[in-house]
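Breakdown of the fold
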Amino acid sequence: MPSVLGVLERRERVALARAEELRAELERLQAAVAEADEAARRAVIAREETVAALAETVDEAVVSDAPAVVSAAVGVGPRVEVPLWREGVGIDVLPPDCARIVTLVEREATGGGEGVRARRMREHLGWPATDVKEQAARFRAKRLVARGWLAEERPGLFRPRTA
């Protein structure tokens, strides 16, 4: 008959081995999550850069009176200059579309919404239901985030800036 101490020592070894296996699995999962986050971040940057490049293509075409080379760029529109947010500055300094986006996001937040996505912004602006217009709305919202007018708590979900 096995001793009580022997049984307890065996249980301890099994529990420690299981804990080590779980730690290794946790490390593997954390690395996988970090890789997925990085891939998502790179995809967002690539999309933003593409939208910006398309907008610049349209700007260059307008300046040179030449037709735009990329037909999808026609729907993007000109580059929008957004001033940095500062205390005491109202949304009246923003371009009209940006001011409407900030107003929409603030209104949705006061109604208890979790945030506003680009599709809702595009609809609010009265733009056609196209991917290009949705990307343009998202790009404007991201520019508003970069300039301090809005916050992006989760990717693609815009809320009013926090103090």
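Above this text you will find the structure in question.
Residues numbered from 1 in each chain as written. Predicted model: local features only at pLDDT ≥ 70, side-chain atom pairs only at ≥ 80, totals over all residues. Heavy atoms only, no water.

The helix and strand tally for the protein chain stands at four helices and two strands. The helix and strand sequence of the protein chain, counted from the amino end, reads α-α-α-α-β-β. Evaluated residue by residue, the protein chain yields a buried proportion of 26% over its 163 residues. (Helix = DSSP H or I, 4+ residues; strand = E, 2+ residues; numbered from the N terminus. Buried < 20%, exposed > 50% of the residue type's maximum accessible area, 1.4 Å probe, protein only.)

What follows covers helix 3 (residues 118-125). Residues of helix 3 that are buried include every one of Ala 118, Met 121, Arg 122 and Leu 125, and no others. Across the axial projection of helix 3, the buried residues extend over an arc of 100°, all falling on one side. At its buried positions, helix 3 is contacted by helix 2 (96-110), helix 4 (131-146) and strand 2 (157-160). The positive-phi residue at the C-terminal boundary of helix 3 is Gly 126, with phi of around 75°. (Arc of directions from axis to C-beta. Contact = heavy atoms within 4.5 Å.)

Attention shifts here to the nonpolar core. Membership of the largest hydrophobic core comes to 20 residues, with the highest contact counts inside it found for Leu 94, Ile 101, Val 105, Met 121, Leu 144, Trp 149 and Leu 150. At the level of elements, helix 2, helix 3 and helix 4 are the ones that each hand at least two residues to this core. Counting residues per element, this core draws most heavily on helix 2, at six residues. Beyond its immediate stretch of four places on either side in the chain, Leu 94 contacts Val 82, Pro 83, Ala 99, Val 102, Leu 144 and Trp 149. (Core = buried A, V, L, I, M, F, W, Y, C linked by side-chain atoms within 4.5 Å.)

For the rest of this paragraph, the subject is a nonpolar patch on the surface. Side chains of Val 4, Leu 5 and Leu 8 sit close together on the surface and give an oily, nonpolar patch of about 330 Å² of accessible area. Along the chain, Leu 5 falls in helix 1 (residues 4-64). (Patch = residues over 30% accessible without salt bridge, like charges linked within 9 Å, V, L, I, M, F, W, Y side chains within 5 Å. Areas by Shrake-Rupley, 256 points an atom, 1.4 Å probe, with all protein chains shown as cover. Salt bridge = Lys/Arg side-chain N within 4 Å of Asp/Glu carboxyl O.)

The next thing to look at is the packing of helix 2 against helix 4. It is the contact of helix 2 with helix 4, at a shortest axis distance of 10 Å, that shows an interaxial angle of 80°. Judged by the inter-axis angle, helix 2 sits roughly perpendicular to helix 4. Residues Asp 97, Cys 98, Ile 101 and Val 102 of helix 2 lie in contact with helix 4, whose contacting residues are Ala 137, Arg 140 and Leu 144. (Axes fitted to C-alpha atoms, helices over the stretch in contact; angles between N-to-C directions. Parallel < 35°, antiparallel > 145°, perpendicular 65-115°, else oblique.)

This part is about the pattern of salt bridges. The tally for this structure, following the rule as stated, stands at 13 salt bridges. Across the pair Glu 20 and Arg 23 runs a salt bridge whose closest N-O atoms are separated by 3.4 Å. With a gap of three residues between them, Glu 20 and Arg 23 both fall in helix 1, about one helical turn apart. Judged by its relative accessible area of 49%, Glu 20 is partly exposed. Linking Arg 159 and Glu 153 is a salt bridge whose minimum nitrogen-to-oxygen distance equals 3.4 Å. Overall, Glu 153 belongs to the exposed group, its relative accessible area being 55%. Through salt bridges with shared partners, a single network forms among Arg 119, Arg 122, Glu 134 and Arg 138.

Here we take up helix 2. With 15 residues, helix 2 ought to run about 21 Å at 1.5 Å a step, and its terminal C-alpha atoms sit 21 Å apart, in line with that. Residues Cys 98, Ala 99, Ile 101, Val 102, Leu 104 and Val 105 constitute the buried set of helix 2. For helix 2, the secondary structure elements touched by its buried residues are helix 3, helix 4, strand 1 (150-154) and strand 2. At the exit of helix 2 stands Gly 112, carrying a positive phi of roughly 85°. (Expected span 1.5 Å × (residues − 1).)

Keep in mind these numbers describe shape, not what the thing actually does.
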